[in-house]
Amino acid sequence: KTPVIIDCDPGIDDVMMLLLGLRHDDIDVKLITTSAGNQTQEKVMTNALRFASYIGEDVEIARGADKPFIRDLMIADDVHGESGLGGVELPEATIKESDRTAIQAMVDVLQRAEEPVTLVATGPMTNVGALLLAHPELKAKIKQISIMGGAARGGNVTPHAEFNMYVDPEAAEVVMQSGLPIIMSGLDVTHKAYLNQSDVDALKEVGTPLTDKLHGMLAHYMGAQGDSPFLEPYYSDVLRLHDLCAIAYIIDPTLFHGDDYYVTMETSGSKTAGATVVDHMRNMNHEPNVHVLYGVERERFVNLFFSVL
Ligand code: BDR
Ligand code: CA
């Protein structure tokens, strides 16, 4: 089993990612930490506690920062709704929030780990960036960081920036320049990692209380993200499960295609702040620092998700 710490901001696609991570036999989730992003810290914490409780997993869930390094928090309630889970009600949590902070808990898990731990980060990079700045000595205990964020081409919150990177680009830059192996599931690949209508119908047909809840969340998600003629297929026709890629890669990297590139964050552009500058033509004369994914075997990816339902 691969030991993993998950940092996330649930969030509809975060919940799908948590389900796969918590239920898959190859993954051992040591800790979940919450990053303010899709909704406020308070709400994403509530969602994480309730969802893990709902699927019957007992795992430590520790609270991260309320806001980015230096910017104001921007949330994605337009996509994920007022609660962060598209209005789907989950029962009160049976798991209690950890009494330590995200950083304290991550430090402890890493210090005790017998083998290097994989970090999976599917919200803004605030907590992971803070950990790396405060405890550079713990890099030796981190095997790799699999992130959902960024894009070599295009954005979804501005023309050039993807949401997680846009919210806290300064923290993201700490992660990118950490010297650790980074795997980037950006929009280049996550736009190809979708459920089509027949997958959504198949999910409904499973007909368990859990799949009914998931179906309800996805019904809200469908079409909530805007559309663009530069996207094929359109958002209104498919459901892109961005965050799922970051954990799916850890379970089975052969699902994906990618290559190593130099990546750095745009932190000051007046129109491009939060963009991941990916040297995809290799003309910046810099050693690669990130394994950037650009392709996915979609049907196998969807089958992996269904395997835990
Ligand atoms: C990312 O932004 C969030 O809204 C999603 O949960 C995902 O992590 C996609 O850009
Ligand atoms: Ca997310």
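Quick caveat: nothing in here was measured; it's all calculated off a predicted structure. Starting afresh in each chain, residues are numbered from 1 along the sequence in its written order. Chain letters and ligand numbers both follow the written order, the letters beginning at A and the numbers at 1. In view of the model being predicted, local features appear only for residues whose pLDDT reaches at least 70, and side-chain atom pairs are presented and counted only at 80 or more, with totals across whole chains, interfaces and linings using the full set of residues.

### A closer look at the overall build of the protein chain
Inference 1: Each helix and strand counted, the protein chain has twelve helices and twelve strands in total.
Inference 2: As defined in this context, the radius of gyration uses C-alpha atoms, and a globule is described by 2.2 Å times the residue total to the power 0.38. For the protein chain, whose C-alpha radius of gyration is 18 Å, the value lies close to the compact-globule estimate of 19 Å for 309 residues.
Inference 3: Projected onto its principal axes, the C-alpha coordinates of the protein chain cover approximately 55 × 45 × 35 Å.
Inference 4: Buried residues are those with 20 or more other C-beta atoms within 10 Å of their own C-beta, exposed residues have 12 or fewer, and partly exposed residues lie in between; C-beta atoms are placed from the backbone. Burial analysis of the protein chain (309 residues in total) assigns 51% to the buried set.
Inference 5: The contact criterion used here is simple: two residues whose C-beta atoms, placed from the backbone, lie within 7 Å are in contact. Counting contacts in the protein chain only where the partners sit at least 6 residues apart, residues at least 24 apart contribute 82% of the total. For helices the rule is a DSSP run of H or I covering at least 4 residues; for strands it is a run of E covering at least 2, with both sets numbered from the N terminus onward.

### Some thoughts on the packing of helix H5 (residues 126-134) against helix H7 (residues 169-176)
Between two packed helices, both the angle of their axes relative to each other and the distance between the axes serve to describe the pair.
Inference 1: Interhelical geometry of H5 versus H7 gives an angle of 55° and a closest axis separation of 8 Å. Viewed along their axes, H5 and H7 adopt a mutual orientation that is oblique. The crossing of H5 and H7 is left-handed. When H5 is examined against H7, the residues Thr-126, Val-128, Gly-129, Leu-132 and Leu-133 are found in contact with a partner set consisting of Ala-171, Ala-172, Val-174 and Val-175.
Inference 2: Looking at the contact of H5 with H7 residue by residue, the classes come out as seven nonpolar, two polar and no charged. Between the N-to-C directions of two axes lies an angle of 0 to 180 degrees, each axis being a line fitted to C-alpha atoms and, for a helix, fitted only over the stretch in contact. Orientation labels follow simple angle bins: below 35 degrees gives roughly parallel, above 145 gives roughly antiparallel, 65 to 115 gives roughly perpendicular, and whatever is left gives oblique. Take the far helix as your reference; a near helix turned counterclockwise from it by less than a right angle gives a left-handed crossing, and one turned clockwise gives a right-handed crossing. Throughout this entry, Asp, Glu, Lys and Arg are counted as charged residues, while Ala, Val, Leu, Ile, Met, Phe, Trp, Tyr, Cys and Pro are counted as nonpolar. The remaining residues, Gly among them, count as polar.

### So, the UniProt feature "domain: Inosine/uridine-preferring nucleoside hydrolase" (unreviewed entry) in the protein chain
Inference 1: UniProt positions are given in the numbering used here, feature names are shortened, and annotations may be inferred rather than shown by experiment. This chain's UniProt record puts "domain: Inosine/uridine-preferring nucleoside hydrolase" (unreviewed entry) on residues 4-302.
Inference 2: From the first C-alpha to the last, residues 4-302 spans 22 Å; its make-up is 35% helix and 18% strand.

### Some thoughts on the nonpolar core
Inference 1: Core analysis: the largest hydrophobic core is formed by 96 residues, its most contacted members being Leu-18, Ala-48, Val-175, Leu-244, Cys-245, Val-292 and Leu-293.
Inference 2: Tallying contributions element by element places helix H1 (residues 12-23) first for this core, with eight residues.
Inference 3: Setting aside anything within four residues of it in sequence, one finds Val-292 in contact with Ala-152, Met-184, Gly-186, Gly-258, Asp-259, Tyr-261, Val-263 and Val-278. Remark: nonpolar core denotes a set of buried Ala, Val, Leu, Ile, Met, Phe, Trp, Tyr and Cys residues whose joining runs through C-beta atoms within 7 Å.

### Notes on the site of ligand 1
Inference 1: Taken together, 14 residues form the shell around ligand 1, and within it Gly-11, Asp-13, Ala-76, Phe-163 and His-242 come nearest.
Inference 2: Elements with a minimum of two residues in the shell around ligand 1: H1, helix H6 (163-167) and helix H11 (242-251).
Inference 3: Of the residues contributing to the shell around ligand 1, the split by class is four nonpolar, six polar and four charged. Placing a C-beta atom from the backbone of each residue, we mark the residue near a molecule or strand if the atom is within 6 Å of it.

### What about the packing of helix H4 (residues 102-112) against H5?
Inference 1: Between H4 and H5, whose axes approach to 10 Å, the crossing angle comes to 60°. One element, H4, and the other, H5, form an angle in the oblique class. Relative to H5, H4 is oriented so that their crossing is right-handed. Contacts between H4 and H5 pair Ala-102, Ile-103 and Met-106 from the former with Asn-127, Ala-130, Leu-131 and Ala-134 from the latter.
Inference 2: For the contact of H4 with H5, the residue count by class is six nonpolar, one polar and no charged.

### Thoughts on helix H2 (residues 41-54)
Inference 1: Expected span, for any helix, means 1.5 Å times one less than how many residues it has. For H2, with 14 residues, the first-to-last C-alpha span of 20 Å sits near the 20 Å given by 1.5 Å per residue.
Inference 2: Residues Gln-41, Lys-43, Val-44, Met-45, Thr-46, Asn-47, Ala-48, Leu-49, Arg-50, Phe-51 and Ala-52 constitute the buried set of H2.
Inference 3: On its buried face, H2 is in contact with strand S1 (2-8), H1, strand S2 (27-34) and strand S3 (61-63).
Inference 4: Positioned one or two residues after H2, Gly-56 has a phi angle of 75°, which is positive.

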